[in-house]
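Geometric and topological summary
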Amino acid sequence: MEGPSEIGLIGENFDAGLMGRMRDDEYESRSGSDNFDGVSGDDQDGGDDQPQRKKRYHRHTPHQIQELESFFKECPHPDEKQRLDLSKRLGLENKQVKFWFQNRRTQMKTQLERHENIMLRQENDKLRAENSLMKEAMSNPVCNSCGGPAIPGQISFEEHQIRIENARLKDELNRICALANKFLGKPISSMTSPMALPNSNSGLELGIGRNGLGGSSTLGTPLPMGLDLGDGVLGTQTAMPGIRPSLGLMGNEVQLERSMLIDLALAAMEELLKMTQAESPLWIKSLDGEKEVFNHEEYARLFSPCIGPKPTGYVTEATRETGIVIINSLALVETLMDANRWAEMFPSMIARAINLDVISNGMGGTRNGALQVMHAEVQLLSPLVPVRQVRFIRFCKQHAEGVWAVVDVSIDIVHDSANAQPFMSCRRLPSGCIVQDMPNGYSKVTWLEHWEYDESVVHQLYRPLLSSGVGFGAHRWIATLQRQCECLAILMSSSISSDDHTALSQAGRRSMLKLAQRMTGNFCSGVCASSARKWDMLHIGTLGDDMKVMTRKNVDDPGEPPGIVLSAATSVWMPVSRQRVFDFLRDERLRSEWDILSNGGPMQEMVHIAKGQGHGNCVSLLRANAVNANDSSMLILQETWMDASCSVVVYAPVDVQSLNVVMSGGDSAYVALLPSGFAILPDGHCNNNSSCNGTMQKGGGGEESGGSLLTVGFQILVNSLPTAKLTVESVDTVNNLISCTIQKIKGALRVA
């Protein structure tokens, strides 16, 4: 069995301890699939009078397991008639069905007991932490009125009165600033005349500036601020260890800023809970019952803008989606509260994410009450849609046993100020997810996305996709989360898939998947022009607005060849479904119809590593027909996947010697590659046969009607010398390559 390092396939920083519980749950969910024919625990203990029978090992098929699992969710205790019906329908003996359900019930009971033990341990840790805080408070008593020492005789009567008056004025200032923020729609830090800070050496400095925040203090008084995690309101607990000054501010402004962020977090959490209620009047069902439409009038009636009124010219998109995900709530919460793990869980959506500040790490050793400031770049795989850059707070709270909520809301959005940043063309209203534990290590996740954005910066071709909620909507987050968690479950399994017809070891598979992960990430950065990699934009009038051309000089990055790298990408509308385009592009037998690397013939798949249940979710190693017998030094590494929101085909030529090292389990970071590929999205237009939310069966099993949006991206090495000059001929070459590829695809699909 492989160790926790397998999680590194998705991200080096993934919490193996938490995800290990998901591995146990995954094993339990599969345990009913391995059986001995006609033998149960009862049969084995039947006594000496029974003849000894030879045990015959039996493995249920994936279809049988799926049907049994589905029936078990509805009825864990089937009667004799139901078991007989299942045995006939699935081709199993009645005893096999009976023993499968017996084993399944035992597994669920064991899992529930394990979960209860985990929660008891967490409660024990929480009580220990509270005990430590109480001991600390008893050893350092604080005056409730002024925040100073409560031991008589340490300060004079006049100084004590001044402290009380100062504390009263501070509370009044907090209330005034909160009202100003509510009506002006800007945080206190953006005001032009901030309060002057008191002298750091003054003996009258209260516990509001550096005190209790990691800085020096003449009084040593801890900050009387914290989150009362029992009812979700502000309490008077001492500041938690590890809290740092918010956004680089200090003194009174720190306290005001932090107080504003806490109030905003609590208001956003309340809004998230109301908007995710099942029968909320904020959502109107369509006539076919498959689509939800956001009720703007009801929203305006129920909520006041917590981050100010909507800027002029902005449009609103709001969606919600519910799905079952193979991950437990604790693991998912830990992923969302860590910027690196969050970006690794949603690699095609999050170009870059960083934690700017941690206001609270949570209480009792859990994420309950965790509050932090983050910055993220959210992308859609097209050069015609700008990357959404947003700064926000993320607040996590446990609402019941096995039920968590994580909410985001934008901050520091200043539109009418001379200091406003030009990329802030969007803002995120309270958005996030509710996670509820289910049996077998699964979770029920309800996701909400609520954005306001400037539509004028989006190309006309993609405006229907964004306005329908498909581009950045909740269903895309759910679909990506389901696909990534399914991949994690497969990678953590010690068994090798039957589709893997190679002799690759587990270490070899890990290295291959890590290399493919880097390849796809580089492709996304070249298409979307995020700050994840340094690119210089080229403005060439002859190429038009639909083509994005960028360049970068590589000197010391071993992950790509040295020299000048040129990236070009464009998007076009295709009058055929997304499924049809995806099936055509990933078929190695049809590769010669559009790929010049195929040498004019079909390609052969040498390695196939499954990343999901669907055949299209995999990493492959392809070999083209050699022009001559001695030409076999180049192979094609390819990754393909499809979920309910997007389809991707990314590939890169790699030399055989480097791949041999990777397939032997060697470090893939030193393999140089330049990716090219395709991203296929629905066009966002609604009709009678498909809903605007873009949903379809998982893994591409359903067929979408209407057209699709095809993004084509190429990265090529135009000169191996980093000091060389970029020529017009190089730009024309990559432009012609993209145009020719698009025409070949259209010709093969018989579209104009």
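Figured I'd write up the structure that's included with this text. (Residues numbered from 1 in each chain as written. Predicted model: local features only at pLDDT ≥ 70, side-chain atom pairs only at ≥ 80, totals over all residues. Heavy atoms only, no water.)

Side note on the overall build of the protein chain
The following threshold applies: Going along the chain from the N terminus, every DSSP run of H or I of four or more residues is numbered as a helix, and every run of E of two or more is numbered as a strand. Burial status follows relative accessibility: with a 1.4 Å probe on protein chains alone, a residue under 20% of its type maximum counts as buried, one over 50% as exposed, and anything between as partly exposed. We call two residues in contact when some of their heavy atoms are within 4.5 Å. Only the protein chains shown count as cover for residues, and all accessible areas are computed by the Shrake-Rupley method using a 1.4 Å probe.
Counting its secondary structure elements, the protein chain contains 16 helices and 23 strands. For the protein chain, with 752 residues in total, the buried portion stands at 51%. For the protein chain, contacts bridging at least 24 residues in sequence account for 66% of all contacts bridging at least 6. Of the roughly 34,500 Å² of accessible surface on the protein chain, 52% is carried by carbon and sulfur atoms.

Focus: the packing of helix α14 (residues 578-586) against helix α16 (residues 728-749)
Definition in use: Working convention: axes come from line fits to C-alpha atoms, limited for helices to the stretch in contact. Angles between N-to-C directions cover 0 to 180 degrees. Orientation categories follow fixed angle ranges, with anything under 35 degrees roughly parallel, anything over 145 roughly antiparallel, 65 to 115 roughly perpendicular, and all other angles oblique. For this classification, the nonpolar set comprises Ala, Val, Leu, Ile, Met, Phe, Trp, Tyr, Cys and Pro, the charged set comprises Asp, Glu, Lys and Arg, and every other residue, Gly included, is treated as polar.
Remark: α14 packs on α16, axes separated minimally by 11 Å, with the N-to-C direction vectors making an angle of 110 degrees. The orientation of α14 relative to α16 falls into the category roughly perpendicular. Where α14 approaches α16, its residues R580, V581, F584 and L585 are matched on the opposing element by I745, A748 and L749. A class-by-class count of the residues in the contact of α14 with α16 yields six nonpolar, no polar and one charged.

Side note on the nonpolar core
Using the following cut-off: Throughout this description, the term nonpolar core refers to a set of buried Ala, Val, Leu, Ile, Met, Phe, Trp, Tyr and Cys residues connected via side-chain atoms within 4.5 Å. Where each domain begins and ends is defined by an automated method or by a domain database.
Counting residues in each nonpolar core, the largest one holds 85 residues, and the members touching the most others are W342, F346, V445, W447, Y462, L481 and L637. The two domains that each donate at least three residues to this core are domain 2 (258-294 + 301-411 + 425-489) and domain 3 (503-685 + 705-749). Residue contacts for L637: discarding those within four places in its chain leaves M512, L515, A516, M519, V619, S620, L621, V650, Y651, A652, V654 and L673. Counting residues in hydrophobic clusters, the runner-up holds 32 residues, among them V576, M642, F678 and L749.

Concerning unusual backbone geometry
In the Ramachandran plot, N440 falls in the positive-phi region, its phi being about 70 degrees despite a non-glycine side chain. With respect to the helices and strands, N440 occurs in the loop between β13 (431-437) and β14 (443-454). With a relative accessible area of 7%, N440 lands in the buried category. Of note, R750 is a non-glycine position whose phi angle comes to about 60 degrees, a positive value.

Quick look at the sheet that holds strand β17 (residues 563-574)
Worth spelling out the cut-off: Two strands make a pair as long as DSSP finds a minimum of two bridges between them.
In spatial order, the strands read β15-β16-β17-β23-β22-β21-β20-β19-β18; together these nine strands make up an open sheet with antiparallel pairing. Among the strands making up the open sheet, the edge pair consists of β15 (536-538) and β18 (604-610). Across the sheet, the mean angle separating the axes of adjacent strands is 20 degrees when strand polarity is ignored. Most of the contacts of helix α15 (residues 656-663) go to strand β21 (residues 647-655), to which it runs at about 110 degrees, and overall it touches β18, β19 (618-623), β20 (634-642) and β21.

Describing the pattern of salt bridges
The following threshold applies: For salt bridges, the criterion is a side-chain nitrogen of Lys or Arg within 4 Å of an Asp or Glu carboxyl oxygen.
Throughout the structure, instances matching the rule amount to 22 salt bridges. The closest approach of N and O atoms between K274 and E270, which form a salt bridge, is 3.3 Å. In this pair, K274 and E270 are both assigned in helix α7 (residues 251-275), four residues apart and thus about one turn of the helix distant. The partner of E292 in a salt bridge is R320, with the nearest N and O atoms 2.9 Å apart.

Examining the packing of helix α13 (residues 506-528) against α15
Orientation of α13 relative to α15, taken along the N-to-C sense of each, is 125 degrees, at an axis distance of 7 Å. Considering their axes alone, α13 and α15 lie oblique with respect to each other. Note on element contacts: α15 touches α13 through L659, V662 and M663, opposite G508, S511, M512 and L515. Within the contact of α13 with α15, the residues separate by chemical class into five nonpolar, two polar and no charged.

Some remarks on the pairing of strand β22 (residues 676-682)
Taken across its seven residues, β22 has seven buried, putting it largely inside the fold. Here β22 shows two buried faces, one formed by S676, F678, I680 and P682 and the other by G677, A679 and L681. In this structure, β22 lies alongside strand β23 (residues 708-719), joined through six bridges in antiparallel fashion. Each bridged residue has a counterpart across the sheet, and for G677 the counterpart in β23 is G713.

Re the state of the cysteines
Quick note on the threshold: Cysteine sulfur atoms that pair up within 2.5 Å are treated as a disulfide.
Scanning the entire structure with this criterion turns up zero disulfides. Looking at the unpaired C396, the closest cysteine sulfur is the one in C433, lying at 8.7 Å. Assessed through its relative accessible area of 0%, C396 is described here as buried.

Structural notes on the environment of M606
Take M606: it is sitting in strand β18. Assessed through its relative accessible area of 30%, M606 is described here as partly exposed. Put simply, M606 and L635 are 29 residues apart on the chain and 9.3 Å apart in space, counted from C-alpha to C-alpha.

Re the pairing of β17
Across the twelve residues that make up β17, a large majority, eleven, are buried. In this structure, strand β16 (residues 547-554) lies alongside β17, joined through eight bridges in antiparallel fashion. Note that in β17 the partner of M547 across the bridge is T570. Of the strand pairs in this sheet, β17 and β23 are connected by eleven bridges, and their pairing is antiparallel. The residue of β23 that forms the bridge with A568 is F714.

A few points about the environment of Q102
Summarising the element assignment, Q102 is placed in helix α5 (residues 94-139). By relative accessible area, Q102 is classed as partly exposed at 26%. It is 8.7 Å that separates the C-alpha atoms of Q102 and H77, two residues lying 25 residues apart in sequence.

Considering α14
Every buried residue of α14 is accounted for by R578, Q579, V581, F582, F584 and L585. In this fold, the buried residues of α14 make contact with β20, β21, β22, β23 and α16.

Focus on the packing of aromatic side chains
To keep it simple, the criterion reads: The rule is short: rings of Phe, Tyr and Trp, with Trp giving its six-membered ring, pair when the centres are within 6.5 Å, and they are stacked under 30 degrees, edge-to-face over 60, tilted in between. Should the NZ of a Lys or the CZ of an Arg lie within 6 Å of a ring centre and within 35 degrees of the ring normal, that charge is described as sitting over the ring.
Inspection of every chain in the model, using the stated rule, returns 15 aromatic pairs. Arranged with centres 5.1 Å apart and planes meeting at 85 degrees, the rings of W594 and F678 form a pair that is edge-to-face. Note that W594 is positioned in the loop between α14 and β18 and F678 in strand β22, a separation of 84 residues in sequence. Each member of the pair, W594 together with F678, is buried. Clustering of aromatic rings is evident, with ring pairs tying together W342, F346, F392, W447 and W477. When the ring centre of W342 is taken as reference, the NZ or CZ atom of R394 above it lies at 4.1 Å. Between R591 and the ring centre of Y651, over which it is positioned, the NZ or CZ distance is 4.6 Å.

Focus: the environment of E93
In this structure, E93 sits in the loop between α4 (80-90) and α5. Counting along the chain gives ten residues from E93 to R83, while the straight-line C-alpha distance between them is 9.3 Å.

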